[in-house]
Structure formats: structure tokens, C-alpha cells
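Below, each chain spelled out in residue letters.
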Amino acid sequence: MNSDPDAGAHGRLLEIMVERARGKKRLLVAIAGGPGSGKSTLLSRLEERARRSFPPYLFAFLPFDGFHFPNAYLDAHEHEGAPLRSIKGSPPTFDTAKAVSKLKELKSGGADVLFPAYSREIHDPVADALLVPAATRIVVVEGNYLLYDGPGYGEMPGLFDLKIYLHTDRETARRGVIARHVRGGRTPEDAERYFRAVDSGNFDLVEGTRSRADVIVIRTPGNRLHVAEHAPAASK
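Residues numbered from 1 in each chain as written. Predicted model: local features only at pLDDT ≥ 70, side-chain atom pairs only at ≥ 80, totals over all residues. Heavy atoms only, no water.

**Structural notes on the pairing of strand 10 (residues 225–228)**
Here 4 bridges tie strand 9 (residues 215–219) to strand 10, and the two strands are oriented antiparallel to one another. Residue pairing across strands places isoleucine 216 opposite alanine 228, the latter belonging to strand 10. (Pairing = 2+ DSSP bridges. Helix = DSSP H or I, 4+ residues; strand = E, 2+ residues; numbered from the N terminus.)

**Regarding the pattern of salt bridges**
A side chain of one charge can pair with a side chain of the opposite charge when the charged atoms of the two come close. In this structure the tally under the stated criterion is 19 salt bridges. One salt-bridge network, held together by shared partners, links Glu171, Arg174, Arg175, Glu192 and Arg196. (Salt bridge = Lys/Arg side-chain N within 4 Å of Asp/Glu carboxyl O.)

**Structural notes on unusual backbone geometry**
Phi angles above zero are rare outside glycine, and histidine 123 is one such case at about 55°. Mapped onto the elements, histidine 123 comes out in the loop between strand 5 (113–119) and strand 6 (124–132). Residue class for histidine 123 comes out partly exposed when judged on its relative accessible area of 28%. (Buried < 20%, exposed > 50% of the residue type's maximum accessible area, 1.4 Å probe, protein only.)

**Looking at the environment of glycine 36**
Following the sequence through the fold, glycine 36 ends up in the loop between strand 1 (27–32) and helix 2 (39–53). In this structure, the C-alpha to C-alpha distance between glycine 36 and leucine 84, residues 48 residues apart in sequence, is 21 Å. With residues near it in sequence (within four places) discarded, glycine 36 still touches Thr168, Thr172, Ala173, Val177, Arg180 and Arg219. (Contact = heavy atoms within 4.5 Å.)

**Notes on the nonpolar core**
One finds Leu106, Val141 and Met156 to be the most contacted residues of the largest nonpolar core, which totals 30 residues. Broken down by element, this core gets its largest block of residues, 4 residues, from helix 4 (residues 96–108). Here methionine 156 is in contact with Phe64, Ala99, Val100, Leu103, Tyr145 and Leu146, once residues within four sequence places are set aside. Core analysis: the next-biggest nonpolar cluster, separate from the first, contains 25 residues, Leu13, Met17, Val29 and Ile31 among them. (Core = buried A, V, L, I, M, F, W, Y, C linked by side-chain atoms within 4.5 Å.)

**Re the side chain of histidine 167**
Note that histidine 167 resides in strand 8 (residues 162–168). Separated by 3.0 Å, the side chains of histidine 167 and glutamate 207 make a polar contact. Non-local contacts of histidine 167, meaning those with residues more than four positions away in its chain, are made with Glu207, Arg210, Val217, Ile218 and Arg219. (Polar contact = N/O pair within 3.5 Å; in protein donor to acceptor, adjacent residues only side chain to side chain.)

**With respect to the packing of helix 1 (residues 7–21) against helix 2**
At a minimum axis separation of 10 Å, helix 1 and helix 2 run at an interaxial angle of 75°. For the element pair helix 1 / helix 2, the angle class is roughly perpendicular. Contacts from Ala7, His10, Gly11, Leu13, Leu14 and Met17 of helix 1 reach helix 2 at Leu42, Arg45, Leu46, Arg49 and Ala50. (Axes fitted to C-alpha atoms, helices over the stretch in contact; angles between N-to-C directions. Parallel < 35°, antiparallel > 145°, perpendicular 65-115°, else oblique.)

**A closer look at the packing of aromatic side chains**
Taken as a whole and assessed by the stated rule, the structure comprises 10 aromatic pairs. Their ring planes at 70° and their centres at 5.8 Å tell us that phenylalanine 94 and tyrosine 145 sit as a pair that is edge-to-face. One end of the pair, phenylalanine 94, is in the loop between strand 4 (82–83) and helix 4; the other, tyrosine 145, is in the loop between strand 7 (138–143) and strand 8, and 51 residues separate them in sequence. Assessed through its relative accessible area of 1%, tyrosine 145 is described here as buried. Here a set of aromatic residues connected by ring pairs shows up, and it is made of Phe64, Phe67, Phe94, Phe115, Tyr145, Tyr148 and Tyr153. (Phe/Tyr/Trp six-rings, centres within 6.5 Å; stacked < 30°, edge-to-face > 60°.)

**A closer look at the sheet that holds strand 8**
In space, the 6 strands of this open sheet follow the order 2-7-1-8-9-10, with mixed pairing throughout. The open sheet has two free edges, formed respectively by strand 2 (59–63) and strand 10, since each of these has just one partner strand. Strand-to-strand twist of the sheet, defined as the mean angle between neighbouring strand axes without regard to direction, takes the value 20°. Here strand 1 pairs with strand 7 via 6 bridges, running parallel. When the bridges of strand 7 are listed, leucine 28 appears paired with valine 139. Contacts from helix 2 reach strand 1, strand 2, strand 7, strand 8 and strand 10 within the one sheet, and its direction differs from that of strand 2 by about 165°.

This is the structure we're talking about:
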């Protein structure tokens, strides 16, 4: 008996990727969604399913968080008068020039590619932590702003061959973000404050990008996934 209640959704998403990869040298897939939407969990579940169901090196699964600017940079720079460290996780706190360059490298295929990761232990990016072998046909990247086209991000949505958006209601996202901040060392009170000051606005910004997706995955209040293969317009 399958213990994964979302096995059908996970399987269908992987099938869509394989279908879209036919005839392509390499398929680059975005999984976007607001903070706390469950993107990293979805990426992990997809990776587990792919490892069981598909040949090695067909898929690679990558988080975008490794493109955070290092804390030393965030401490030394400001955005609109505020220290970048105080809005960490917002669009200006990512090295988008490096990200776009690395995504183009991935998209071209034909060679091994090293990709950064983000350490939740030291709360800083780690360069060249992940290897994508040249033989990989489908590369899946998850991140908040992959479908965003604001300053520094204009090229990014167009680099992806398949765009998936994970929608989660605000309250579920709030609880998820606060729990993650607490695991990272914040007090519950400070985590709530940071959500209101930073994450809430980022959630609204990212929700505004969902109309660019090819596929919408809805995380229901019962914490189940529903795949809508024809993306609806963004809700107002």
C-alpha cells in the first residue's frame, strides 16, 4: 500500500515533465510559490518518487536558495534605506546575475554543472555544493521568484521550459514560514514579526506571478495536492 497520499499528484507532475522533455536536449522546470507554500517539501517528494520510478540521471532537483547573497554582503548593503539583512528573502537579497548565468549554463546542457546550495545551519549559501551531471535530461528548480520579472529578474521566467506554481493559502503559508524561522533559531515572537514585516509582502508579490505558470498545483486546506494542468488566472 502506498503511504504517500499525494502519490497521484507527484506521479502526474513527473509524467508532465517527461512528456515535455521529448525531443529536447534538456528540459528546465520551475516550481515557484510563495514563502511557506511547501516548495521544498514538494521538491523532496518528487525527487524520492523519481529515484524509485525513473532511470538514474534523468532528473536533477535543485533549490534556488543558494543564490542568496552571503550575509557579509547583506550586512554591507542597503535597499531603499534598509539594510539588506533586515529583508533577507526578498527579491533584492538574491544574486540574480549569477542565477541567470547558472540557469543558462544548465539549459544549454552538454557538460557537468555545479550549483550552489543554502545551509540552514550557517544561514549562508555554499558555492558549488550540488552537481548536475551532463547526462541529466530534466532539471527541476524550486524558488519563490522564478516567475517574477521585476528588477534583476526579467530574464528568469523565459529560461524555463515548464513553469509550475504551487499555491497555498496565506494562513497555511504563515504557519509554515514561522515554523521554519523557529527551527532556524528565532523565537516564535520574532518569527511572527518577521513574517508580518517581510514574508507577508513577499507572499503577495509571488502570488501575483502565478498566471505565468503552465501548471498550477493547489495545496488544499487539508494539506493535499491537486494538479490543474491548464493554469487558471491569478486570483485577485
